[in-house]
Amino acid sequence: MSRRSLAVLTAAVAFLYLPIAILAVFSFNASRLMAFPLSGFTLDWYRSLAGNTNFQNGFVTSFLVAQPVGILGAGLGLTAAMALIAAGRRLRIMLTALLLVPFLVPKTVLSIAQTMVLSRLGLGRGAATLILAQVIVVIPFTTAIIASVLIRLDPRLAEAARDLGASPWICFRRITFPQIKPAVMAAYSMGVILSLADLTIGLYLAGRTQPLSLIVASQFRRELSPDLNAMQVAVLVLTALIVVLTEVYQRRRDARRRGRAPVRQATGETLERPA
């Protein structure tokens, strides 16, 4: 890597992560003023956050909304990706354009349109409406993630399974899905992250449901409190912890599956080696 490329990479990393580092530093600052030099080290803002039921309720609400968004987004994205790969060229172009519409339309315009349509359908503002609206925005991302893996699979494996008598469902469950499972998990994680980070759709469709993003935005308008710094750092740590634990669980599960390789005894009978 050349010096110019290294300098550009360093500048990009600093641009992305330096604000987060500064945010973390000020979350331990003893003063309420977020300015250098620092006044000292304190954990008071984290203690205040631990007793702030408003933030806690907002985080629980955001987490409960994000889970169905991630699951529905991954499921619908998987269905759309399979249809996209199986379609012909012209139909694939049409489906791709249709899937990209929520991605290209500004969120404000999309949120207003969703509010009008859902109100016509008799769905008032609330958690269910918010989940449906966020799923629509998530689907293009999840479809792209899963389709990028599906398109690289060897179709001869599925064809061989069907030739040996496997039904389409068995073929998908035993051949296709194990190969795309990491992509499905990544699509689920993307849906959860996009739901937690959403603010625009929540402003129009949350109603009495108050996710964390709305609570933070409301308090940010009134006062830039150090509690916000502590809260953002806590959310980042929890999110990173969830990702790490999910990855560790997935790797251990894959290792256990690899350890259960078939063993052929002297009688010629095939058994499973216990984990």
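Residues numbered from 1 in each chain as written. Predicted model: local features only at pLDDT ≥ 70, side-chain atom pairs only at ≥ 80, totals over all residues. Heavy atoms only, no water.

A. Molecular detail of the overall build of the protein chain. Looking only at helices and strands, one finds 11 helices and 2 strands in the protein chain. Secondary structure of the protein chain in N-to-C order comes out as α-α-α-α-α-α-α-α-α-α-α-β-β. By its C-alpha atoms, the protein chain is 75 × 55 × 45 Å across when sized along the principal axes. The proportion of buried residues among the 275 residues of the protein chain is 31%. Long-range pairs, those at least 24 residues apart, make up 65% of the contacts in the protein chain with a sequence separation of at least 6. (Helix = DSSP H or I, 4+ residues; strand = E, 2+ residues; numbered from the N terminus. Buried < 20%, exposed > 50% of the residue type's maximum accessible area, 1.4 Å probe, protein only. Contact = heavy atoms within 4.5 Å.)

B. Spatial organisation of the UniProt feature "transmembrane region" (unreviewed entry) in the protein chain. Per the UniProt record, the feature "transmembrane region" (unreviewed entry) sits at residues 59–85, 97–118, 130–153, 183–206 and 230–249. Helix makes up 100% of residues 230–249 and strand 0%, and the two end C-alpha atoms of the span are 28 Å apart. (UniProt positions renumbered as here; feature names shortened; annotations may be inferred.)

C. View of helix α6 (residues 127–150). Compared with the 34 Å implied by 1.5 Å per residue over 24 residues, the 32 Å span of α6 between its first and last C-alpha is a close match. Taking the largest bend as the criterion, α6 deviates by roughly 40°, centred on V138, and proline P140 comes between one and four positions later. (Expected span 1.5 Å × (residues − 1). Bend = angle between axes of the 7 residues up to and from the residue.)

D. Quick peek at the packing of aromatic side chains. Tallied over the entire structure, the rule returns 4 aromatic pairs. Ring geometry for F28 against F41: centres 5.4 Å apart, planes inclined by 10°, an arrangement best described as stacked. With F28 in the loop between α1 (3–26) and α2 (44–50) and F41 in the loop between α1 and α2, the pair connects residues that are 13 residues apart, well separated along the chain. Residue classification places F28 among the partly exposed residues on the basis of a relative accessible area of 27%. Using a relative accessible area of 62% as the deciding quantity, one classes F41 as exposed. Among the aromatic residues, those joined into a cluster by ring pairs are F28, F41 and Y46. (Phe/Tyr/Trp six-rings, centres within 6.5 Å; stacked < 30°, edge-to-face > 60°.)

E. Seen up close, the side chain of T176. Within the secondary structure, T176 sits in helix α8 (residues 168–197). On the basis of relative accessibility, which here comes to 14%, the residue T176 falls in the buried class. Those residues in contact with T176 that lie beyond four places of it in its chain are L150, L153 and C171.

F. Expanded view of the environment of G75. Mapped onto the elements, G75 comes out in helix α3 (residues 53–86). Residue G75 is classed as partly exposed on the basis of its relative accessible area, which comes to 33%. Separated by 64 residues in sequence, G75 and I139 place their C-alpha atoms 9.1 Å apart.

G. Expanded view of the environment of V137. Mapped onto the fold, V137 is located in helix α6. Separated by 32 residues in sequence, V137 and V105 have C-alpha atoms that sit 9.8 Å apart. For V137, the residues in contact, after removing those within four places along its chain, are P102, K107, L110 and I201.

H. Geometry of the pattern of salt bridges. Inspection of every chain in the model, using the stated rule, returns 1 salt bridge. Salt-bridge contacts for R156 lead to D154; the nearest nitrogen and oxygen are separated by 3.0 Å. (Salt bridge = Lys/Arg side-chain N within 4 Å of Asp/Glu carboxyl O.)

I. Spotlight on the packing of α6 against α8. Packing of α6 against α8 leaves a shortest axis separation of 9 Å and a crossing angle of 150°. Relative to α8, the element α6 lies roughly antiparallel. Along this stretch, α6 crosses α8, giving a crossing that reads as right-handed. Contact residues: α6 offers Q134, V138, F141, T142, I145, I146, V149 and L150, while α8 offers T176, Q179, I180, A183, V184, A186, A187, M190, G191, L194 and S195. Within the contact of α6 with α8, the residues separate by chemical class into 13 nonpolar, 6 polar and no charged. (Axes fitted to C-alpha atoms, helices over the stretch in contact; angles between N-to-C directions. Parallel < 35°, antiparallel > 145°, perpendicular 65-115°, else oblique. Left-handed = near helix turned anticlockwise from the far one by under 90°. Nonpolar A, V, L, I, M, F, W, Y, C, P; charged D, E, K, R; others polar.)

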